[in-house]
Amino acid sequence: MTRPPRSQPDPARAAASGTGPVADVEVDAIGLICPLPVLKARKRLAGLSGGAVLAIVADDPMAAIDLPHFCAEAGHALLSAEPAPGGGRRFVIRKGD
């Protein structure tokens, strides 16, 4: 059975290829401390449609706790949380419906 071509990149496939999940929106939260990375993520996600993917780069150590907790509470999916090339961590979030 042949699958139809995808209109958008599959974040899971991109992660498996080693390039990391593809994001629709990128947010820079470097230098911001708790709770600002979560507040920036929440504000940007509010303007996106369900299923959209947001990536946020943060260097606050609390972001590693706060962003996954925010996703779980708000119904979003945390696709990845990996070291960012310029420092900090890159969190990739798929907005819930």
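Preceding this paragraph is the structure being described.
Residues numbered from 1 in each chain as written. Predicted model: local features only at pLDDT ≥ 70, side-chain atom pairs only at ≥ 80, totals over all residues. Heavy atoms only, no water.

Novice: Quick question: what am I supposed to make of the overall build of the protein here?
Specialist: Helix and strand counts for the protein come out as 3 helices and 4 strands. Taken from N to C terminus, the helices and strands of the protein fall in the order α-β-α-β-α-β-β. Among the 97 residues that make up the protein, the fraction classed as buried is 36%. Expressed as a percentage of contacts within the protein between residues at least 6 apart in sequence, the contacts between residues at least 24 apart total 62%. A total of about 6000 Å² of accessible surface is found on the protein, and carbon and sulfur atoms cover 56% of it. (Helix = DSSP H or I, 4+ residues; strand = E, 2+ residues; numbered from the N terminus. Buried < 20%, exposed > 50% of the residue type's maximum accessible area, 1.4 Å probe, protein only. Contact = heavy atoms within 4.5 Å. Areas by Shrake-Rupley, 256 points an atom, 1.4 Å probe, with all protein chains shown as cover.)

Novice: Mind showing me how you'd approach the pairing of strand β4 (residues 89-94) here?
Specialist: For a regular strand, side chains alternate in direction, first toward one face of the sheet and then toward the other. Looking at chain direction, strand β2 (residues 53-58) and β4 are connected through 6 bridges and run antiparallel. Counted as the bridge partner of leucine 54 is isoleucine 93 from β4. Counting the residues in the hairpin turn of strand β3 (residues 77-83) and β4 gives 5 residues, including glycine 87, whose phi is positive at 110 degrees. (Pairing = 2+ DSSP bridges.)

Novice: Looking at this model, I keep getting lost on helix α2 (residues 36-46). Mind explaining?
Specialist: One full turn of an α-helix is made of 3.6 residues, so residues set three or four places apart face in the same direction. Of the residues making up α2, those classed as buried are Pro37, Val38, Ala41 and Leu45. What you see down the axis of α2 is that its buried residues fit within an arc of 95 degrees, all on one side. α2 presents Lys43 and Ala46 as exposed residues on the side facing more than 90 degrees away from its buried surface. Against β1 (25-29), β2, α3 (63-74) and β4 lie the buried residues of α2. (Arc of directions from axis to C-beta.)

Novice: Sorry, what's going on with the pattern of salt bridges here?
Specialist: A side chain of one charge can pair with a side chain of the opposite charge when the charged atoms of the two come close. On inspection of all chains with the given rule, the structure shows 1 salt bridge. Arginine 90 is paired through a salt bridge with glutamate 26; the nearest N and O atoms lie 2.8 Å apart. Of this pair, arginine 90 sits in strand β4 while glutamate 26 is found in strand β1, placing the two residues 64 residues apart along the sequence. Exposure remark for arginine 90: the relative accessible area of 17% places this residue in the buried category. Taking the relative accessible area as the measure of exposure, glutamate 26 reaches 47% and is therefore partly exposed. (Salt bridge = Lys/Arg side-chain N within 4 Å of Asp/Glu carboxyl O.)

Novice: Quick question: what am I supposed to make of the sheet that holds β1 here?
Specialist: Think of a sheet as strands paired side by side through backbone hydrogen bonds, with each pair either parallel or antiparallel. Spatially, β1-β2-β4-β3 is the arrangement adopted by the 4 strands of the open sheet, whose pairing is mixed. What marks the edges here is a single partner per strand, and that holds for β1 and β3. Neighbour-to-neighbour, the strand axes of the sheet open up by a mean angle of 20 degrees, direction not taken into account. Inspection of the sheet shows β1 paired to β2 by 5 bridges, in the parallel sense. Counterpart to valine 27 in the pairing with β2 is isoleucine 56. Each of β2, β3 and β4 is contacted by α3, which is oriented at about 0 degrees to β4, the strand it contacts most. (Axes fitted to C-alpha atoms, helices over the stretch in contact; angles between N-to-C directions.)

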